[in-house]
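Structural overview
What follows is the residue order along each chain.
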Amino acid sequence: MKKNIRNKEYTMEEAVAYYILGFKKCSENNQKKGLEDILKNILEIAKENIDTNEIQGVNTNLLKRINFSWTLTSDDFVSYATCIFYVLINREQKITDEKIVKEFLRELHSHHPRRTMKEAELILTKMFPDLKN
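Residues numbered from 1 in each chain as written. Predicted model: local features only at pLDDT ≥ 70, side-chain atom pairs only at ≥ 80, totals over all residues. Heavy atoms only, no water.

Before going further, it helps to examine the overall build of the chain. Regarding its fold elements, the chain presents six helices and two strands. Oriented by its inertia axes, the alpha-carbon framework of the chain measures out at about 40 × 35 × 35 Å. For the chain, the residues scored as buried account for 43% of the 133 residues in total. Per element, the accessible surface of the chain, about 8200 Å² overall, is 48% carbon and sulfur. (Helix = DSSP H or I, 4+ residues; strand = E, 2+ residues; numbered from the N terminus. Buried < 20%, exposed > 50% of the residue type's maximum accessible area, 1.4 Å probe, protein only. Areas by Shrake-Rupley, 256 points an atom, 1.4 Å probe, with all protein chains shown as cover.)

What follows is about helix α6 (residues 113-127). Helix length check: α6 (15 residues) gives 21 Å between terminal C-alpha atoms against 21 Å at 1.5 Å per residue, within 8%. Taken together, the buried positions of α6 are occupied by Pro 113, Thr 116, Ala 120, Ile 123 and Leu 124. Viewed end-on, α6 has its buried residues packed into an arc of 95°, placing them on one side of the element. Among the exposed residues of α6, those oriented more than 90 degrees off its buried face are Lys 118, Glu 121, Leu 122 and Lys 126. On the buried face of α6, the contacting elements are α2 (35-48), α4 (74-91) and α5 (97-110). (Expected span 1.5 Å × (residues − 1). Arc of directions from axis to C-beta. Contact = heavy atoms within 4.5 Å.)

Another point: the pattern of salt bridges. Tallying each qualifying case throughout the model produces 13 salt bridges. Ionic pairing is found between Lys 99 and Glu 92, a salt bridge with its closest N-O pair at 2.9 Å. Judged by relative accessible area, Lys 99 falls into the partly exposed class, the value being 29%. Here Glu 119 ties to Arg 115 by a salt bridge, and the two come within 3.4 Å at their closest N and O atoms. Here Glu 119 and its partner Arg 115 are both found in helix α6, four residues apart, which amounts to about one turn of the helix. The class of Glu 119 is partly exposed, set by a relative accessible area of 23%. A cluster of three or more residues bridged by salt bridges with shared partners is formed by Arg 91, Glu 92, Lys 99, Glu 103, Arg 106 and Glu 107. (Salt bridge = Lys/Arg side-chain N within 4 Å of Asp/Glu carboxyl O.)

Structure below.
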């Protein structure tokens, strides 16, 4: 049976952990750390851990700062990742786990998930015009 991340809902802590691990994977592989590369790694990490509830390799104290008990659909999960890393790539010289968590919380506090989804769609359409078709 193929593992399908589209059928999964993600807790806030789980989502951020995947964002952090996906970014770390880019850094470890000395990839250029563009938005496409980061998103690809995040999705790979999510797929690898689809049947797990325990996520290893992330500072759990950092994840405890996220005091939301929402769950994200797979579309929300990708939308938040897109918006978070678009901002961080364009604003920060060095992206850290702490900055990823702060940007995630900022995004949660300032935008409804549907607005985040629309922003992500605009970002992806601008960066990857071939996606429109």
